[in-house]
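# Close look at the chain arrangement
Spelled out, the chains give:
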Number of protein chains: 2
Amino acid sequence: MPRRAEPPARRATVRDVAARAGVSPGTVSKALNGTGQISRATRDRILAAAQEIDFRPNALARSVFERRSYTVGLITTDSFERFSVPVMLGAEDALGAGKISVFMCDSRDDPIREKHYVDVLLGRRVDGFIVTGRIFNEREPLDVSPGVPVVYALTPSSDPGDCSIVVDDAAAGRVAGEHLIRLGRRRIGHITGSAWFDPARRRAAGLAEALGAAGLEVAGDPLYGDWTEAWGRQATHILLRSCPEVDAIYCGSDILARGVGDSLRELGRRVPEDVALIGTDNWEFIAGGARPPLTSVDLGLSTVGRLAARRLLEAIGGNSRAGKEYVPCHLVVRGSTDDLPPASTGSAS
Amino acid sequence: MPRRAEPPARRATVRDVAARAGVSPGTVSKALNGTGQISRATRDRILAAAQEIDFRPNALARSVFERRSYTVGLITTDSFERFSVPVMLGAEDALGAGKISVFMCDSRDDPIREKHYVDVLLGRRVDGFIVTGRIFNEREPLDVSPGVPVVYALTPSSDPGDCSIVVDDAAAGRVAGEHLIRLGRRRIGHITGSAWFDPARRRAAGLAEALGAAGLEVAGDPLYGDWTEAWGRQATHILLRSCPEVDAIYCGSDILARGVGDSLRELGRRVPEDVALIGTDNWEFIAGGARPPLTSVDLGLSTVGRLAARRLLEAIGGNSRAGKEYVPCHLVVRGSTDDLPPASTGSAS
DNA sequence: GTGAAAGCGCTAACAG
DNA sequence: CTGTTAGCGCTTTCAC
């Protein structure tokens, strides 16, 4: 027979400890927090008493008094997909170290749900918010009163007065391009996802910039499509038809690169000997499992999370910054690019 | 110049609302919570006043009084990898509906960190815990006093008196086997990950059971290895050498199945015509992107999370259950298995 | 050094 | 119906 909900067991309080140690509650508080002056003897007695009855100070009560909860809300719009997970882990890691606990909220990109979460958490007196989501275009600012600290991670706020930590997509394209040029590649193509996606365009621009600096252009123009393996395969055929002498391809994602790699092999091109291949995301399961393993641009997502956490702590402390801050990316070299020059094309003029 | 940390802005209190509405704090409380008797006029006046000064009841203060915080701790041991993310989303979804907020904790499989999180959250007076992690063998129970509700999701507790919600791995193997038999396949192989992994052995046993019911055995015995594409490729060669007439393969993960599919194609076997292929996890990016798209067993991870949340709420309400509860799995059919009989082997004796 | 008292913001019990 | 009082658990003056 189901038992009825009983009031939760009463837990040990300061008063209990005080009684056990034969002192007053105020003294217990001092002993536990190291504030004020206390004789070593009573302090030890109090600590022992606390230990014995497994006393655990009620953080809620303390927060009522302090007007601060040492908690923050972490709101994601994309159900903690693969982009926001590293961010959130980075953030949680950085905040946990600072004795701050994190409330997890999945708004599923629904403004109603988001508003609801914000209301509830404001009621819980969170010290601030981190807002994240898939890498995407700007988003509307969170609907909170001006005093509440908010940091945007990955998805920048459309208000330039807000603090946003973002990925440096242009650098991703540059890094990939520079690496390929250093390897001696000259005919470098680019296959990526949707042109409506700001990051896709920025990566393409970064690549074009790196190639431009070496007097090159993107071979066959960037090919925009969607973020699927199927498009990667299809785009490879398109690219090789329009530009058969291509000797390297930079892809806007690892998934795309997988499709590209498969098609290259089927078309009789060897990776990396004939065509070097670089992906984006550095998603271990995808990049590491490829054949050959895929060189990829790591966007530094967990750094984004960690930095967002740091900025939030600063803002809570009264030092807020405005504007976008770009996290550097870096190349993780695997087998799909190598240090050998490409199969000699003879044009070493 | 950095401003000094100021005390957080004082927010509107019940007293403020009371003053504005010209009533006493107690009356405001009644109006806001719908308790007691109140005249419609004053109630409206109070609500209006609350609205005007953007009053938001302090949940912390309320919790001190109620001895209950309407929060729970969600502890994961595996950094919210792809197994625990769906679980956590399911749990968060189910709990959020019940006005409960969720603290996110990544213990990284470190007992020290875990203990730390538990201590902090106990201090915050969480109503209970959900413990999750990668699908794995049993784990030690969480170190909390007996009164605290805990539900284990995915990773069962080694104490049979605890409440654990787990995946039905044996059923996964059975479902895959039965589907293949229904398609007329008779030489069914199994490629999977580590034999130290309970789920791997249970899936193999489930497959064997389904085959046994049809008078069959696993072709070439289950091949244990690791959870990588590389092993999938390698194991395919081993399997085809020892058992060339194999006409279906069930894989312990989608990643493995990707490797298997690639090797099959290279060895000249068509999927699904010559060899039908089933994976496990139903991970959209992997299964959906394969060529042909991969039929896969969905383990029902988000259901695990949702159910764990429900059981936790029950336990908090005073009705706890003991023992393991299995969540059903289901097959998601894609192109790597089809409804056609296998290429006629002539042995329709 | 230590204790008594007041208060954080909210709610329940009891008067009026 | 509404106001007053007391108290949740903790902390911080301020006397002693």
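The name given to chain A in an unreviewed UniProt entry is LacI family transcriptional regulator, with the source organism recorded as Actinopolymorpha pittospori.

Turning our eyes to something else, we now look at the nonpolar core. Soluble globular proteins: nonpolar side chains tend toward being buried together. One finds I130 and V297 of chain A together with I130 and V297 of chain B to be the most contacted residues of the largest nonpolar core, which totals 94 residues. Those residues in contact with I130 of chain B that lie beyond four places of it in its chain are G73, L74, I75, A91, L95, V151, A153, A308, A309 and L312 of chain B. In this structure, V118, F129, V131 and V150 of chain B belong to the second largest nonpolar core, which totals 30 residues.

Let us look at the UniProt feature "domain: HTH lacI-type" (unreviewed entry) in chain A. Annotation from UniProt places "domain: HTH lacI-type" (unreviewed entry) at residues 12–66 of chain A. Spanning residues 12–66 of chain A, this segment combines 69% helix with 0% strand, and its end C-alpha atoms are found 21 Å apart.

With that settled, consider the domain arrangement of chain A. Residue and element names in this part refer to chain A. Looking at chain A, the domain boundaries give domain 1 (14–57), domain 2 (68–167 + 301–328) and domain 3 (169–299 + 332–337). Here the C-alpha centroids of domain 2 and domain 3 sit 32 Å apart. Opposite the nine residues of domain 2 that make contact, domain 3 presents 10 residues. Interface of domain 2 and domain 3: buried area, both sides summed, is about 900 Å²; carbon and sulfur atoms make up 56% of it. There are zero salt bridges connecting domain 2 and domain 3. Run the count over domain 2 and domain 3 and you get three residue pairs in polar contact (both at pLDDT 80 or more). A class-by-class count of the residues in the side of domain 2 that touches domain 3 yields seven nonpolar, one polar and one charged.

It is worth spelling out unusual backbone geometry at this point. P272 of chain A follows V271 of chain A through a cis peptide bond whose omega is 5°. By the element assignment, P272 of chain A lies in the loop between α10 (254–266) and β8 (276–280). Despite not being glycine, Y70 of chain A has its phi angle at roughly 55°, a positive value. Inspection of the secondary structure assignment puts Y70 of chain A in the loop between α4 (59–66) and β1 (71–76). For D109 of chain B, which is not a glycine, the phi torsion comes out positive at approximately 60°. Turning to its location among the elements, D109 of chain B is positioned in the loop between β2 (101–106) and α6 (111–123).

Any two side chains of opposite charge can pair if their charged atoms end up close together. Under the counting rule described, the total for this entry stands at 60 salt bridges over all chains. In this structure, the salt-bridge partner of E266 of chain A is R291 of chain B, at a minimum N-O distance of 2.9 Å. Within this pair, whereas E266 of chain A is found in helix α10, its partner R291 of chain B is found in the loop between α11 (284–287) and β10 (295–298), the two belonging to separate chains. E266 of chain A sits in the partly exposed class, given a relative accessible area of 47%. Counted as one network, the salt bridges with shared partners bring together D54 and R56 of chain A together with K115, D119 and D143 of chain B.

What follows covers the sheet that holds strand β9 (residues 276–280) of chain B. Strand pairing in a sheet is mediated by backbone hydrogen bonds. Such pairs are either parallel or antiparallel. All names here are of chain B. Read from one edge of the open sheet, six strands run β7-β6-β8-β9-β10-β12, paired in mixed fashion. Each edge of the open sheet is held by one strand with a lone partner, namely β7 (219–224) and β12 (330–332). Looking at each pair of strands side by side, their axes are set apart by 20° on average, direction ignored. Along the sheet, helix α8 (residues 198–213) makes contact with β6 (188–192), β7, β8 (248–251) and β9, crossing β6 at roughly 175°.

A word on the sheet that holds strand β6 (residues 188–191) of chain A. Residue and element names in this part refer to chain A. What the five strands build is an open sheet, ordered β6-β7-β8-β9-β11; its pairing is mixed. Among the strands making up the open sheet, the edge pair consists of β6 and β11 (330–332). Averaged over neighbouring strand pairs, the angle between their axes works out to 25° when direction is ignored.

The rules behind the values
Residues numbered from 1 in each chain as written. Chains lettered and ligands numbered in written order. Predicted model: local features only at pLDDT ≥ 70, side-chain atom pairs only at ≥ 80, totals over all residues. Heavy atoms only, no water. Core = buried A, V, L, I, M, F, W, Y, C linked by side-chain atoms within 4.5 Å. Buried < 20%, exposed > 50% of the residue type's maximum accessible area, 1.4 Å probe, protein only. Contact = heavy atoms within 4.5 Å. UniProt positions renumbered as here; feature names shortened; annotations may be inferred. Helix = DSSP H or I, 4+ residues; strand = E, 2+ residues; numbered from the N terminus. Domains from an automatic or database assignment. Buried area = accessible area lost by both parts, 1.4 Å probe. Salt bridge = Lys/Arg side-chain N within 4 Å of Asp/Glu carboxyl O. Polar contact = N/O pair within 3.5 Å; in protein donor to acceptor, adjacent residues only side chain to side chain. Nonpolar A, V, L, I, M, F, W, Y, C, P; charged D, E, K, R; others polar. Pairing = 2+ DSSP bridges. Axes fitted to C-alpha atoms, helices over the stretch in contact; angles between N-to-C directions.

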